[in-house]
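# Inside the fold
Here's the letter readout for the chains.
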Amino acid sequence: MTDLRTIWSLSAVLLSVAALILDRTQILGVSALAVAAALGTGAGLAGLAAAGARSRRHAQVLYETNRQLRDLLHVDQLTGLMNRSAFDAALDDPRLAEHEMLIVLFFDLDRFKDVNDTLGHKAGDDLLRQVAQRAADAVGSTIALARLGGDEFASVIAWSADNRPERYGAAIVEAVGAPYLIDGHQVEIAASVGLALGDPTRFNPRELLRRADLAMYAAKGSPGGRFRVFDDALDRHQTRESSVRIELGKALIENQFSLHFQPLIDARTGAFSSAEALLRSQSPGLREVTPAALIATAETSGQINALTEWTIETALTAITKLQTSPIGVNISPVYFRKPEFVSRLMDKLLLARVRPELLTVEITESVLIENLDAARQSVDRLREIGMKVFLDDFGTGYSSLSYLQYFELDGLKLDKSFLRTVGDRRKTNQIIRSMIDFGHSLDMRVVVEGVESDWQVRLLQLLGCDLLQGYEIGMPMPLDELLVYRDLASGRQVVDGAVPPSAVAKIKVLPIHSA
């Protein structure tokens, strides 16, 4: 009997300690005093057993809640893939160094924004879920596969002789590029894929992700969904891009830019009509960089905003000197899409005291396609103010012309590529005539760029073109030379010795007389 009492006493002590610990953690919901009061009785022990069962249930609920919280923190709730946080953790996992080589894949979706804009965000979400499933099927077994946010996806894959980067790039392009059925609509998008291959003991996985990102942007330059594997050439290109960005920043600070102006003339009379402002750099570090490459770098780096503002302000100053002659300014898509673009342009017009009709805004097709509603509102506001809006490089971008039905524009500028075979090929002549007629049918004036010979001038006159621009008409020139050119083209008297050599223009364009 004594042994039994001893066992009961020891049990009471142990249970008291356990109850105290559990009471401190607030799991049992009963106090240690209540437990001690119940000790020594069968009912008390039974109660404690029930409390222990409850604590186990509470612990299980707590474990399940923690697991769900972990899922919320590491799983993309839309697609079920890893999220960015989990992918970052995977990149930092030291076990990656155990692999001989790693492939890091990065891709985003071309034309995804169009789906959101036209079919709504629910359709966009459905599309992302389907893309995630297709990507998972296409790459198969991976170390990590994640949606990083928006329409961006990334993966880490163990390299082998049978699993080369090109295989995965082609698989993603094919899988993502196949048509989708979303809410009864057939949707077609494309993937731009970048890949990087490297030894994880030599290259940090985050560096491989950066390289894959660069390769993806290089792939975007190819239409229809393509992939690109990072290589030495791309590395050298990135080095050059960095150098150009640095020199561009210095040139902006030191005001090492100027504008040259290329004249446009009336195709029927040869009279001076207007001029296009073209950016030029005096920076020694940018001497070998073409204007197109300079603009492209500025757009990717964000420097295009400051560069565009400087161009607009300088062009407005030129207009005050020309007085009655309009100047056209190319507006970058990046700058055009800024919500405050139109209001900032209005402020600059007021500050320079320039009439709106003397400033022509030139935009490319991509500006209109990206966001139809926002672009239409901006174009309409510009024209309501009194500015003219011309569509530049027409015919080189989108095969569909349906987007033009949403816009009221003042003119089209046919890209110079159309003139390479004009006169030599009958079809080319017919295409140019058709495009001129098309522009006229929409009440737009038609400009042909890249005119480089007298016979092209004559042919374009016969085809009904309105305005001509090109080296045969006039080279890009500084403002003082443009003033002289304008006077020559208008038949005004020019003071002897006031004509610079580059402005001596032979006005070859004569009126076309009917037979």
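Residues numbered from 1 in each chain as written. Predicted model: local features only at pLDDT ≥ 70, side-chain atom pairs only at ≥ 80, totals over all residues. Heavy atoms only, no water.

For the rest of this paragraph, the subject is the overall build of the chain. Within the chain, the regular secondary structure consists of 18 helices and 15 strands. For the chain, with 515 residues in total, the buried portion stands at 43%. Across the chain, contacts joining residues at least 24 apart in sequence account for 67% of those joining residues at least 6 apart. Looking at the chain as shown, the accessible area adds up to about 27,000 Å², and 54% of this sits on carbon and sulfur atoms. (Helix = DSSP H or I, 4+ residues; strand = E, 2+ residues; numbered from the N terminus. Buried < 20%, exposed > 50% of the residue type's maximum accessible area, 1.4 Å probe, protein only. Contact = heavy atoms within 4.5 Å. Areas by Shrake-Rupley, 256 points an atom, 1.4 Å probe, with all protein chains shown as cover.)

With that settled, consider the side chain of Thr360. Of note, Thr360 is situated in strand E11 (residues 359–364). For Thr360, a relative accessible area of 10% puts it in the buried group. In this structure Thr360 touches Pro326, Ile327, Gly328, Val329, Lys388 and Phe390, once residues within four positions along its chain are discounted.

Put simply, helix H11 (residues 304–322) and helix H13 (residues 341–352) touch, their axes get as near as 10 Å, and they point 35° apart. In this structure, H11 crosses over H13, and the sense of that crossing is right-handed. Contacts between H11 and H13 involve Glu309, Ile312, Glu313, Leu316 and Thr320 from the former and Arg344, Leu345, Lys348, Leu349 and Ala352 from the latter. (Axes fitted to C-alpha atoms, helices over the stretch in contact; angles between N-to-C directions. Left-handed = near helix turned anticlockwise from the far one by under 90°.)

This part takes up the confidence of the model for the chain. Overall, the predicted model of the chain reaches an average pLDDT of 83, with 79% of residues at or above 70. A low-confidence stretch, residues 19–30 (pLDDT under 50), is modelled with 15 contacts involving residues beyond four sequence positions or located in other chains. Within the model, pLDDT remains below 50 along residues 502–515, and this stretch shows 28 contacts once partners closer than five positions in the same chain are excluded. (pLDDT = per-residue confidence, 0-100.)

This next bit is on the sheet that holds strand E2 (residues 144–149). Strand order in the open sheet made by the 5 strands is E2-E3-E1-E6-E7, with mixed pairing throughout. A single partner strand is all that each edge strand has here, and the edge strands are E2 and strand E7 (227–229). Recorded for the sheet is a direction-independent mean angle of 15° between the axes of neighbouring strands. Note: strand E1 (residues 102–110) against strand E3 (residues 152–158), 7 bridges, orientation antiparallel. From the neighbouring strand, Leu105 faces E3, where its bridge partner is Ser155. Helix H4 (residues 84–91) rests against E2 and E3 of the sheet, and its axis sits at about 135° to E2. (Pairing = 2+ DSSP bridges.)

Looking now at the pattern of salt bridges. Applying the stated criterion across every chain yields a total of 27 salt bridges. Asp126 is paired through a salt bridge with Lys122; the nearest N and O atoms lie 3.5 Å apart. Of this pair, Asp126 and Lys122 both sit in helix H6 (residues 121–139), separated by 4 residues, roughly a single helical turn. For Asp454, the salt bridge goes to Arg458, with nearest N and O atoms at 4.0 Å. Taken together, the positions of Asp454 and Arg458, both in helix H17 (residues 454–462) and 4 residues apart, correspond to about one turn of that helix. Residue Arg458 is classed as partly exposed on the basis of its relative accessible area of 29%. Within the structure, one salt-bridge network assembled from shared partners comprises Glu276, Glu362, Lys413 and Glu449. (Salt bridge = Lys/Arg side-chain N within 4 Å of Asp/Glu carboxyl O.)

Of the positions making up helix H10 (residues 291–301), those classed as buried are Leu294, Thr297 and Ala298. An end-on view of H10 places all buried positions within 100° of arc, on one side of the element. Along H10, the residues that are exposed and aim more than 90 degrees away from the buried face are Ala292 and Thr300. Elements in contact with the buried residues of H10: helix H9 (232–253), strand E8 (257–266), strand E9 (272–281) and H11. Immediately downstream of H10, the backbone of Gly302 shows phi near 90°, a positive value. (Arc of directions from axis to C-beta.)

Residues of strand E13 (residues 411–414) alternate between two faces, with Gly411 and Lys413 on one and Leu412 and Leu414 on the opposite face, all of them buried. Bridge count for strand E12 (residues 388–394) against E13 is 3 bridges, and the pairing is parallel. Bridge pairing links Phe390 to Gly411 in E13. As paired strands, E13 and strand E14 (residues 445–448) are joined by 4 bridges and run parallel to one another.

Overall, the coordinates contain 6 aromatic pairs when judged by the stated rule. Summarising the aromatic geometry, the rings of Phe272 and Tyr485 are spaced 6.3 Å apart at their centres and angled 65° between planes, so their arrangement reads as edge-to-face. Here Phe272, found in strand E9, pairs with Tyr485, found in helix H18 (residues 479–489); they are 213 residues apart in sequence, far enough to count as distant. Neither residue differs from the other here; Phe272 and Tyr485 are each classed as buried. When the ring of Phe394 is compared with that of Phe438, the centres are 6.4 Å apart and the planes differ by 10°; the resulting orientation is stacked. Of the two residues, Phe394 is situated in strand E12 and Phe438 in helix H16 (residues 426–441); the sequence distance between them amounts to 44 residues. (Phe/Tyr/Trp six-rings, centres within 6.5 Å; stacked < 30°, edge-to-face > 60°.)

Glancing now at the sheet that holds E13. With respect to topology, 8 strands assemble into a closed barrel ordered E8-E9-E10-E11-E12-E13-E14-E15, the strand pairing being mixed. Pairing of E9 with strand E10 (residues 327–330), which is carried by 3 bridges, proceeds in the parallel orientation. When the bridges of E10 are listed, Ala277 appears paired with Val329. Across the face of the sheet, H11 comes into contact with E8, E9, E10 and E11 while running at roughly 55° to E8.

Turning next to the environment of Ala271. On the secondary structure map, Ala271 appears in the loop between E8 and E9. For Ala271, a relative accessible area of 29% gives the class partly exposed. Separated by 196 residues in the primary sequence, Ala271 and Leu467 have C-alpha atoms spaced 9.8 Å apart. For Ala271, the residues in contact, after removing those within four places along its chain, are Leu264, Ile265, Asp266 and Ala489.

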